Amino acid sequence: MSNYDSIIIGGGHNGLVCASYLSKNKKKVLLIEQKEILGGLAKYSDFTTSFSKKIIKDLNLQNYGLKIIEKNEDIIAMNLTGEHTVLNIKNNRISFQSTEADKKDQESFLKLLNKYKLFANSLSGFMYEAPPRIKSGLKKDLFKLIKMGWNIRKLGKKNTREFMRIIGLNIADEVEDNLNNDILKGLISHEAVLGSNLGPRSPGSVLHLMYKQAIQSGNLFTNTKIETTNLINSLEKLLKEKNVEILLNTKVKNLEIKNNKVSKVILENGKELFAETIISNLDPKSTFFNLIGAQKLETDQIRRANNYRQKGNVANAVITLENEPIIKRYKGNILNSTFIFSPSIKFLEHAFNDSKYNRNSKNPSMKFNIIKKEGKFFIRINIQYIPFSLEKKEIIERENIIKDIANQLKQFFEKLDIKEINLNTPNDIQEDIGTYGGHWHHGEFEIDQVFFLRPFYGFTQYNGSIKNLYMCGAGTHPGGGINGINGHNTAKKIIEDQK
Amino acid sequence: MIDNISYKKPLLETPFHSKTSELCYSNEWYRWGGYKIVKEYTQTELEYTAMRNTAGVLDITPMYKYSVKGKDAKNFINKLITRDVNNISSNQIVYGLWCNENGFVVDDGTIFCFDNENFRICCAEKNLIWFEDSAIGFDVNIEDITKSIGALAFQGPLSCKILKLLEAKNIENLQPFYFDNFIINKQEVMISRTGFSGDLGYEIWCNPSQAHDVYDALFSFNNDYKVLPCGMNSLEMVRIEAGFIQPNADFIPSEQALRPNRMKTPLELGMSWIVNLEKDFFTGKAALLKQKSTGVESKLVGLDIEGDKPAHGAILYNESKKDIGIVTGAMWSPTLKANIAIGYVNKDYMKIGSKVYAEIYHPEELEYRKIWAECKVVKKQFFNNPRKNATPAFV
């Protein structure tokens, strides 16, 4: 009775990638998206630096209009004194342009980045396949586990030991051991905690950094990027060519589960759809509690889904400007630069303190780009920490955030004429896209939520106890960022399972 | 609240405490759910005899009581327990147990149905967290009401007669596993025909303020019928005879077990009769279906042991002296004049009539006598008197 081989719920980039791979394997796919446009969370960033090269090659995305942008880029670690540290990236190589840090510090900074790259690369070998099951007793899984161990051991005795030493560490301890300059320390710490619910002194922040790097092919800072709208458009074009049906503006009410098997998709308009496999591109919490429904879940599953940490902490804002802004004491091309304001570990930890108690940071860290679109200037800014809160925030708090951002930004600009600030807190993102907690990665990258533990025991290989139901969102292995690997892995698993 | 957690009074006292402590000649106390209750009043065998021949009164207030109220109460219970309660009617009670996703028993208890949106669950162990997690997605409100209800078990062949003498109207027509409100000694109380003795018996649920009046009333005909207060030791005797399972003795509640292979499924406990695998969904169904098809490795059975020395904690062997099980509860049964026990045997010996051996260490004045006793595997329910289920009840 099934009209389709697969139905994918959610038109985020992972859903699109998954649909592409399935249709490439001659499956009849239907994709359902609740909004009028595809892309999901991707609309909250203008560029992705982490989209998988393998997928671009596999799907021939460049034939569908995908453009990879490679320009020299500056990373500006901002300082309130005006003495910014400027790093230049050319062909993925980093050099200092101006900095307060001494020669020795500069060298150790670059050495540190190389070390992280080396370690991240040893992890990146496991990104393109389903993680092994530890107690399955299958040779295949045992082999994968050994390969994982060997990949790390291959680093050599000294490096393996160093890897094991730092992997559970907090980033503050790690950089304090190696660097003296506060700005550089703040810069790495910021990158290590961005998008997570961690502070620089939270254990696991080093793992978060490594893991993020492992997903984006090793580099912490890179000058290879893709415009997200371009990416989504080219994927859409590909799907249309492969005759994948796309239902926009369609909301799924829930799934019907019978005898531990998903039997159909029920739309909000009452229509029922059937397929052999149903793939959810939603985050784990929404998949479990909204699509399946807690009533159909065993208590232990409810507990695991409930305890899954998925609280967003980053607000996103688009600031429309009247005219071209001028930054104090920076002479480079502002359109090719990323500005990061996190002047020290202490600053970042203080910003985190507020979020621990569910308050918005008074002095949040910021990361922003300046964009020119159709002659107009915009600032796309990420503000950390603005925690997701279960209680509805009042409008006053929103206005405070907007005021704080404007004030903090103005310190760095000679000229900044703000026309409008369009703020999206994690709560707004949840309301708009539906991702629980408005979390970037559909869940924290912490030691108990990565690899064979992502998202949680019982659903770790893209499917679980409920037959024919798969998950392809960022809540699965390897995890978030706009990289498409989850979609690729899920499609691979489905095709393997059906063999 | 401060009173309850005070270091000076670490264990709570039940509403019947002033009465029971007065009667407790041996001053032996038992800890249950943060309360202290009597282990033995005067002599365990005497109390046991009262329960089997006249009637005994037990304070069971520490039993955890949870109220489940809300639109989805019935659906919630159906998801929670292994039995189907779709056809349950008001004033009915079901005995049920609940499992985790691996089919291991979390706990067992009785579920009282007031109406489709109002239930009460009574069980021996703490379960609030399990219930609340299970209730996510259901429109129900679960509350621990243990403190607000005083409970007495009134068990024995004369229990109905005495309640009738106390002018509890129509009590003899109360069917087993039903409850209703009655007036005894001018106090309106809830009485259910349930119990842990396997005999005719009732459980009385009252407001703590009524506790003394209700307690006294039960002993008011002691000139003719010798009703005795009974301690937990004598309850242990009657429950073994009745073949009832007890958490932390016959099974380790899966929420408390530290070792993964120590938990038990209902099939291993010999409780498959209350597992409804036809039901649409309940926690643990998939695991139990799987176990049903593969079969169990060991099972809780009754043992009829030769001789008269109780096989407390004995290890069970087969003919070639390979150990095949363990005894979880044992006693010399005065009523049946038999040496009985319940225990686990592995799958080759769980058929009724199988022969196994128990190694009994019997202490005799500073020396152990090692006894090699032959046992026959029998049904767990050793004591099964027809008056247990007879309606109208024996008066």
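Structure report, in brief. Since we're looking at a predicted model, the values are computed, not measured. (Residues numbered from 1 in each chain as written. Chains lettered and ligands numbered in written order. Predicted model: local features only at pLDDT ≥ 70, side-chain atom pairs only at ≥ 80, totals over all residues. Heavy atoms only, no water.)

1. A word on the overall build of chain B
- Broken down by element type, chain B carries nine helices and 19 strands.
- Computed over the C-alpha atoms, the radius of gyration of chain B is 21 Å, within 12% of the 21 Å expected from 2.2 N^0.38 for a compact globule of 395 residues.
- Considering chain B as a whole, with its 395 residues, one finds that 56% of them fall into the buried category.
- Pairs at least 24 residues apart make up 67% of the contacts formed inside chain B by residues separated by at least 6 positions.
- Here chain B displays about 18100 Å² of accessible surface, and carbon together with sulfur accounts for 49% of that area.
- Taking the 45 positively charged and 49 negatively charged side chains of chain B as two groups, their mean positions are separated by 3 Å. (Helix = DSSP H or I, 4+ residues; strand = E, 2+ residues; numbered from the N terminus. Rg over C-alpha atoms; globule rule 2.2 N^0.38 Å. Buried < 20%, exposed > 50% of the residue type's maximum accessible area, 1.4 Å probe, protein only. Contact = heavy atoms within 4.5 Å. Areas by Shrake-Rupley, 256 points an atom, 1.4 Å probe, with all protein chains shown as cover. Lys, Arg positive; Asp, Glu negative; His and termini not counted. Charge placed at Lys NZ, Arg CZ, Asp CG, Glu CD.)

2. Here we look at the overall build of chain A
- Check the secondary structure of chain A and you find 15 helices and 21 strands.
- Scaling as 2.2 N^0.38, a compact globule of 499 residues should have a C-alpha radius of gyration of about 23 Å, and chain A matches this with 22 Å.
- A principal-axis box enclosing the C-alpha atoms of chain A has dimensions of 70 × 55 × 45 Å.
- Among the 499 residues that make up chain A, the fraction classed as buried is 59%.
- Restricting to contacts in chain A with at least 6 residues of sequence separation, those with at least 24 account for 73%.
- When the accessible area of chain A is evaluated, it comes to approximately 21600 Å², of which 49% is carbon and sulfur surface.
- Considering chain A, the positive charge centre built from 73 side chains and the negative charge centre built from 54 side chains are found 6 Å apart.

3. Side note on the interface of chain B and chain A
- Residue-level contacts link 19 residues of chain B with 16 residues of chain A.
- Of the roughly 1500 Å² buried where chain B meets chain A, counting both sides, 42% is carbon and sulfur surface.
- The largest share of the area that chain B buries against chain A comes from Glu101, Ile136 and Phe281 of chain B, three residues that together contribute 40% of it.
- Linking chain B with chain A are four salt bridges, by the criterion used here.
- Here Glu101 of chain B makes a salt bridge to Arg304 of chain A, at a shortest N to O gap of 3.0 Å.
- Only helix H5 (128-134) and helix H9 (285-294) of chain B provide two or more residues apiece to the side of chain B that touches chain A.
- In terms of residue class, the side of chain B that touches chain A is built from seven nonpolar, five polar and seven charged. (Buried area = accessible area lost by both parts, 1.4 Å probe. Salt bridge = Lys/Arg side-chain N within 4 Å of Asp/Glu carboxyl O. Nonpolar A, V, L, I, M, F, W, Y, C, P; charged D, E, K, R; others polar.)

4. Section: the pattern of salt bridges
- Using the criterion set out here, one finds 41 salt bridges over all chains in the structure.
- One network of salt bridges, in which partners are shared, links Lys115, Glu162, Arg165 and Glu174 of chain A.

5. Brief notes about the packing of helix H7 (residues 182-193) of chain A against helix H8 (residues 205-215) of chain A
All names here are of chain A.
- Two elements in contact, H7 and H8, have axes whose closest approach is 8 Å; the angle formed by their N-to-C orientations is 75 degrees. Classified by the interaxial angle, the pair formed by H7 and H8 is roughly perpendicular. Facing Ile188, Glu191, Ala192 and Val193 of H7, the residues of H8 in contact are Ser205, His208, Leu209 and Lys212.
- Its residues assigned to classes, the contact of H7 with H8 comprises four nonpolar, two polar and two charged. (Axes fitted to C-alpha atoms, helices over the stretch in contact; angles between N-to-C directions. Parallel < 35°, antiparallel > 145°, perpendicular 65-115°, else oblique.)

6. Examining the packing of helix H3 (residues 103-124) of chain A against H8 of chain A
Residues and elements named next belong to chain A.
- H8 packs onto H3 with a crossing angle of 65 degrees between their chain directions and a minimal axis gap of 8 Å. Our classification of the angle between H3 and H8 gives roughly perpendicular. Crossing of H3 against H8: the hand is right-handed. Contacts between H3 and H8 involve Tyr116, Lys117, Phe119, Ala120, Leu123 and Ser124 on the former and, on the latter, Leu209, Met210, Gln213 and Ala214.
- For the contact of H3 with H8, the per-class residue count stands at seven nonpolar, two polar and one charged. (Left-handed = near helix turned anticlockwise from the far one by under 90°.)

7. Some words on the pairing of strand E5 (residues 73-77) of chain A
All names here are of chain A.
- Within E5, five of the five residues are buried, leaving the element largely enclosed by the surrounding structure.
- Summarising the sheet, E5 and strand E6 (residues 85-90) pair through five bridges and their orientation is antiparallel. Across the sheet, residue Asp74 finds its bridge partner in E6, namely Asn88. (Pairing = 2+ DSSP bridges.)

8. Regarding the packing of aromatic side chains
- As enumerated under the stated definition, the model contains 28 aromatic pairs over all chains in all.
- Ring geometry for Phe126 of chain A versus Phe451 of chain A: centroids 5.9 Å apart, planes at 75 degrees, classification edge-to-face. Highlighted residues: Phe126 of chain A in the loop between H3 and helix H4 (139-153) and Phe451 of chain A in the loop between helix H14 (426-433) and strand E21 (469-471), separated in sequence by 325 residues.
- Seen from their ring centres, Tyr330 of chain A and Phe339 of chain A are 5.8 Å apart, and the 85 degrees between their planes marks the pair as edge-to-face.
- For Tyr330 of chain A, a relative accessible area of 9% gives the class buried.
- The structure contains a cluster of three or more aromatic residues connected by ring pairs, namely Phe126, Tyr211, Phe445 and Phe451 of chain A.
- The residue whose ring lies beneath Lys36 of chain B is Trp29 of chain B, and the NZ or CZ to ring-centre distance is 5.2 Å.
- Lying across the ring of Tyr344 of chain B, Lys264 of chain B places its NZ or CZ 4.3 Å from the centre. (Phe/Tyr/Trp six-rings, centres within 6.5 Å; stacked < 30°, edge-to-face > 60°. Lys NZ or Arg CZ within 6 Å of the ring centre and 35° of its normal.)

9. Topic: the nonpolar core
All names here are of chain A.
- In this structure, Phe109, Tyr116, Ile171, Val175, Leu187, Ile188 and Phe221 are the most contacted members of the largest nonpolar core, which totals 45 residues.
- When contributions to this core are tallied by element, the ones reaching two or more residues are E5, E6, H3, H4, helix H5 (157-166), helix H6 (171-178), H7 and H8.
- Residues Tyr64, Ala130, Ile279 and Tyr470 belong to the second largest nonpolar core, which totals 34 residues. (Core = buried A, V, L, I, M, F, W, Y, C linked by side-chain atoms within 4.5 Å.)

10. Comments concerning the sheet that holds strand E13 (residues 227-229) of chain B
Residue and element names in this part refer to chain B.
- Read from one edge of the open sheet, six strands run E10-E11-E12-E9-E3-E13, paired in mixed fashion. For this open sheet the edge positions go to strand E10 (179-184) and E13, each flanked by a neighbour on one side alone. If you compare each strand with its neighbour and ignore which way they point, the axes differ by 30 degrees on average.

11. A short note on the environment of Glu40 of chain B
Residues and elements named next belong to chain B.
- With respect to the helices, strands and loops of the structure, Glu40 is situated in strand E2 (residues 35-40).
- Its relative accessible area of 15% is what places Glu40 among the buried residues.
- C-alpha of Glu40 to C-alpha of Gly231: the two residues are 191 residues apart in sequence and 4.5 Å apart in space.
- Here Glu40 is in contact with Cys24, Ser26, Glu28, Glu47, Gly231 and Asn233, once residues within four sequence places are set aside.
- Polar contacts involving the side chain of Glu40 include one to the side chain of Thr44, which spans 2.6 Å. (Polar contact = N/O pair within 3.5 Å; in protein donor to acceptor, adjacent residues only side chain to side chain.)

12. Re helix H1 (residues 13-24) of chain A
All names here are of chain A.
- For H1, built from twelve residues, the straight-helix expectation of 16 Å at 1.5 Å per residue is met to within 8% by its first-to-last C-alpha distance of 16 Å.
- Where burial is concerned, most of H1 is hidden: eleven out of the twelve residues are buried.
- Where H1 is buried, its residues touch strand E1 (4-9), strand E2 (29-32), helix H2 (53-58), helix H9 (228-241), strand E13 (275-280) and helix H15 (485-498).
- One or two steps after H1, the chain reaches Lys26, where phi turns positive at roughly 65 degrees. (Expected span 1.5 Å × (residues − 1).)

13. Quick look at the sheet that holds strand E8 (residues 141-144) of chain B
All names here are of chain B.
- Across the sheet, which stays open at both edges, the five strands sit in the order E5-E6-E7-E4-E8 with antiparallel pairing between neighbours. Edge positions in the sheet fall to strand E5 (92-99) and E8, since each has one partner strand and no second. Across the sheet, the axes of successive neighbouring strands diverge by a mean angle of 25 degrees, strand direction being ignored.
- Both strand E4 (residues 64-69) and E8 contribute to a ladder of four bridges, which runs antiparallel. Looking across to E8, one finds that Lys69 is bridged to Asn141.

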